[in-house]
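Given next are the chains, with one letter for each unit.
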Amino acid sequence: MRHAAHATRKGAGAVALTKSLFTTKHGAHSAESVYASKAADGNADVLGINPDLARRLNEVAPLTRRAIRESARAAQRKNTVLASASLAALVGTAATSMAFMKADDDTTMFPVADGAETTQTLDISRVAGTSASRSDVREALTADDADSQYLVDAANNAAAAGVQTPYAAQESTNVTGSWDLGETNAVKDTSKLTTAKAYNEKVAKLVDKDEAQLPAGFNPNHATGDTGNAYPWGQCTWWSYERRHQLGLSTGSYFGDARSWGASAQSLGYWVDNQARAVGDVLVFAPGQEGADGYYGHVAIVEAVNPDGSIRISESNAKGLGVISQREFTAEQAKAFTFIHY
């Protein structure tokens, strides 16, 4: 007994068609393939669905294995083309750099085949001609050497081009002359030399003046014993110390009584003798000499040495305590006194 077919529900055909699109079928002429092809073409009327839905189904529909393989091959071809273009650009840049670095060299570098191990040796030779280079031979320089000529040539070339330089139109110059000290190295005028160096400027001048008469081994920088005026005010010793300082000369602070000044000064290195030489010398009277005290003696300062040998002195306490007075003595009288120098 045959039963009647069930009535098809409204809309059931659209659901079945949609399911069939996601079902894998073999054969290009199957109903499902035809409908999928039409859906891919956007034939929404044939499918009986909304056009927007048909477009979305086309976007999300799975690709066939053949389509996947073709997409992979296309991507590989695209990557190969990009890599080839990048390699060509890199090779071109390297070749350009090498061309600039060695534009005038006949030796050209070529890439070698893969796996080949080749070492290329460049032929480097010395610069020929007179150009500056590292030569195996070193020649002595002369006054008319290449450097001087180079400056002159360069300046002349600049002048020819309209540029003025200090070397233009000049010739190299030989320096002539000699350093002649004469037959010997002896100094002819020793009086112009400072033969003694003293810390005290005043002493240095006096020592230079008396250089020929200085005692052997005399030291112009001897100890002075000067620590300030320690002598009683108004006495001859007090004045002698004060006056020497006024003249820029040092004096021992503890020479003792006037009669012992010569020996005390000599023990410290002062020059002591019986000749007046310059202003500032200390004149020492022996006890009782020329009116000096019979026990203590007397001291004074030379104020002038006359051409005939006579002298003039200044002194204190000859006419009263603290009274400064002057006297003169002849050359014969002066020879009897003791004098302290420097």
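Definitions and cut-offs
- Residues numbered from 1 in each chain as written.
- Predicted model: local features only at pLDDT ≥ 70, side-chain atom pairs only at ≥ 80, totals over all residues.
- Heavy atoms only, no water.
- Pairing = 2+ DSSP bridges.
- Helix = DSSP H or I, 4+ residues; strand = E, 2+ residues; numbered from the N terminus.
- Axes fitted to C-alpha atoms, helices over the stretch in contact; angles between N-to-C directions.
- Contact = heavy atoms within 4.5 Å.
- Salt bridge = Lys/Arg side-chain N within 4 Å of Asp/Glu carboxyl O.
- Buried < 20%, exposed > 50% of the residue type's maximum accessible area, 1.4 Å probe, protein only.

For the protein chain, the name recorded in an unreviewed UniProt entry is Amidase, with Bifidobacterium criceti as its organism.

Taken together, the 6 strands give an open sheet; going across it, the order is β1-β6-β2-β3-β4-β5, and neighbouring strands pair in antiparallel fashion. Unpaired on one side and paired on the other, β1 (271-273) and β5 (324-329) mark the two borders of the sheet. On average, adjacent strands in this sheet sit at an angle of 30 degrees to one another, irrespective of strand direction. As defined by bridge partners, strand β2 (residues 282-285) adjoins strand β6 (residues 338-341) across 3 bridges and the pair is classed as antiparallel. Along β6, the bridge assignment pairs Val282 with Ile340. Lying on the sheet, helix α8 (residues 236-246) is in contact with β2, β3 (298-305), β4 (311-316), β5 and β6; it crosses β3 at an angle near 35 degrees.

Let's shift gears to the pattern of salt bridges. Side-chain pairs of opposite charge can arise where the charged atoms are in close proximity. Here the structure, examined in full by the defined rule, presents 6 salt bridges. One salt bridge connects Lys209 with Asp210, and the closest N-O pair in it is separated by 2.9 Å. Under the relative-accessibility criterion, Asp210 is labelled buried at 5%. Ionic pairing is found between Glu303 and Arg243, a salt bridge with its closest N-O pair at 2.9 Å. Of this pair, Glu303 sits in strand β3 while Arg243 is found in helix α8, placing the two residues 60 residues apart along the sequence. On the accessibility criterion, Arg243 (18% relative accessible area) is buried.

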